[in-house]
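# Structural description and commentary
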Amino acid sequence: FMESLKTLMRIPAWWAMCFGIAFGSFVSYSKSAFHTKYLVALDPSYDFQTLVIILGIVNGTTYAGGAFFGARLADKWGKKDIRAYGWLPAISIALCLPIGIAAWWSSSIEMNLVFTTLFLLFMGVYLGPSFAIAQTLAPINMRAMSTALFFFILNMIALGGGPTFSGWLIDVFKENYGEVEAIRYAMTVTSLLFIPSIISFLIVARVLPKDWSEAEKRNIELIKTN
């Protein structure tokens, strides 16, 4: 573990990618935690069974579609310029910022679902490039540990912090606003965490060519010695 940690700490693009996807998922997990609650509060008369079926279809298809599209586009673009593996997530998350905020401030469930569909589509784009970076930059004898550490950082920041932070903000805003407005304000503030995610992926694009080249040389040497 310590050997893997020391090795990965010397790879700037790996760490920038981890924080990029962690802050991006921070917002995504927060949205998932309170989205249904928000829609029910927005329009209590809307049939709940129909709502959850629609949400299930939207979440299942668009997020998966975004992941597939992002992976294909990253590989195609990456053949011309390896920095695409950082640029593509930065662009997709930059688009998620205004779209995500617009979804929370929609006046109807239907409009919210339209924006949510676009949000999830772009949100899934960063998965493919991020996993490619996690696996490529790690030495071949540390790829399993690289994935484990990657998920540890992701879940500690995103899954552990996102819904907790948003829930606390909702409680704070509820002191002066109704439930719908409290969620809107809380999730708008939470959405600003996309900004460090965008910056992190821009850093990835900047340092990735050097780290990628060194990783390929290192892995060739490991194959020869083993």
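Residues numbered from 1 in each chain as written. Predicted model: local features only at pLDDT ≥ 70, side-chain atom pairs only at ≥ 80, totals over all residues. Heavy atoms only, no water.

Taken together, the side chains of V40, F48, V52, I53 and I57 define a hydrophobic patch exposed on the protein surface, amounting to about 430 Å² of accessible area. Among the elements that make up the nonpolar patch, the one with the highest residue count is helix 3 (residues 48–80) (four residues). Mapped onto the elements of the fold, V40 is located in helix 2 (residues 12–42). A relative accessible area of 34% means that V40 is categorised as partly exposed. (Patch = residues over 30% accessible without salt bridge, like charges linked within 9 Å, V, L, I, M, F, W, Y side chains within 5 Å. Areas by Shrake-Rupley, 256 points an atom, 1.4 Å probe, with all protein chains shown as cover. Salt bridge = Lys/Arg side-chain N within 4 Å of Asp/Glu carboxyl O. Helix = DSSP H or I, 4+ residues; strand = E, 2+ residues; numbered from the N terminus. Buried < 20%, exposed > 50% of the residue type's maximum accessible area, 1.4 Å probe, protein only.)

Below, the discussion takes up helix 3. With 33 residues, helix 3 ought to run about 48 Å at 1.5 Å a step, and its terminal C-alpha atoms sit 48 Å apart, in line with that. The complete set of buried residues in helix 3 reads L51, L55, V58, T62, G66, G70, A74 and G78. Those residues of helix 3 that are buried are in contact with helix 2, helix 4 (84–104), helix 5 (109–123) and helix 6 (127–137). (Expected span 1.5 Å × (residues − 1). Contact = heavy atoms within 4.5 Å.)

Our focus in this paragraph is the packing of helix 2 against helix 8 (residues 179–191). Between helix 2 and helix 8, the least distance of the axes is 10 Å, while the angle of their chain directions is 165°. In this view, helix 2 runs roughly antiparallel relative to helix 8, as classed from their interaxial angle. The handedness of the crossing between helix 2 and helix 8 comes out as left-handed. Each of F26, V27, S30, K31, K37, Y38, A41 and L42 in helix 2 lies in contact with helix 8, whose residues at this interface are E179, V180, I183, R184, M187, T190 and S191. (Axes fitted to C-alpha atoms, helices over the stretch in contact; angles between N-to-C directions. Parallel < 35°, antiparallel > 145°, perpendicular 65-115°, else oblique. Left-handed = near helix turned anticlockwise from the far one by under 90°.)

This part is about the confidence of the model for the protein chain. Summary statistics for the protein chain give a mean pLDDT of 91 and a share of 100% for residues scoring 70 or more. Looking over the protein chain, one finds the lowest element-wise mean pLDDT in helix 1 (residues 2–9), namely 80, and the highest in helix 8, namely 96. (pLDDT = per-residue confidence, 0-100.)

A full pass over the atoms with the stated rule returns zero disulfides. Left without a disulfide partner, C18 is nearest to the cysteine sulfur of C96, which lies 19 Å away. With a relative accessible area of 0%, C18 lands in the buried category. (Disulfide = S-S within 2.5 Å.)

Attention now moves to the packing of aromatic side chains. Under the criterion given, the structure shown has 15 aromatic pairs. Summarising the aromatic geometry, the rings of W105 and Y185 are spaced 5.3 Å apart at their centres and angled 80° between planes, so their arrangement reads as edge-to-face. Taken together, the residues span a long stretch of sequence, with W105 in the loop between helix 4 and helix 5 and Y185 in helix 8 at a distance of 80 residues. Take W105: its relative accessible area is 36%, and that puts it in the partly exposed class. Y185 gets classed as partly exposed once you look at its relative accessible area, which sits at 30%. The structure contains a cluster of three or more aromatic residues connected by ring pairs, namely W105, F173, Y177 and Y185. (Phe/Tyr/Trp six-rings, centres within 6.5 Å; stacked < 30°, edge-to-face > 60°.)

In this fold, T116 is placed in helix 5. Contacts of T116, omitting those with residues within four sequence positions, involve K31, H35, V58 and A103.

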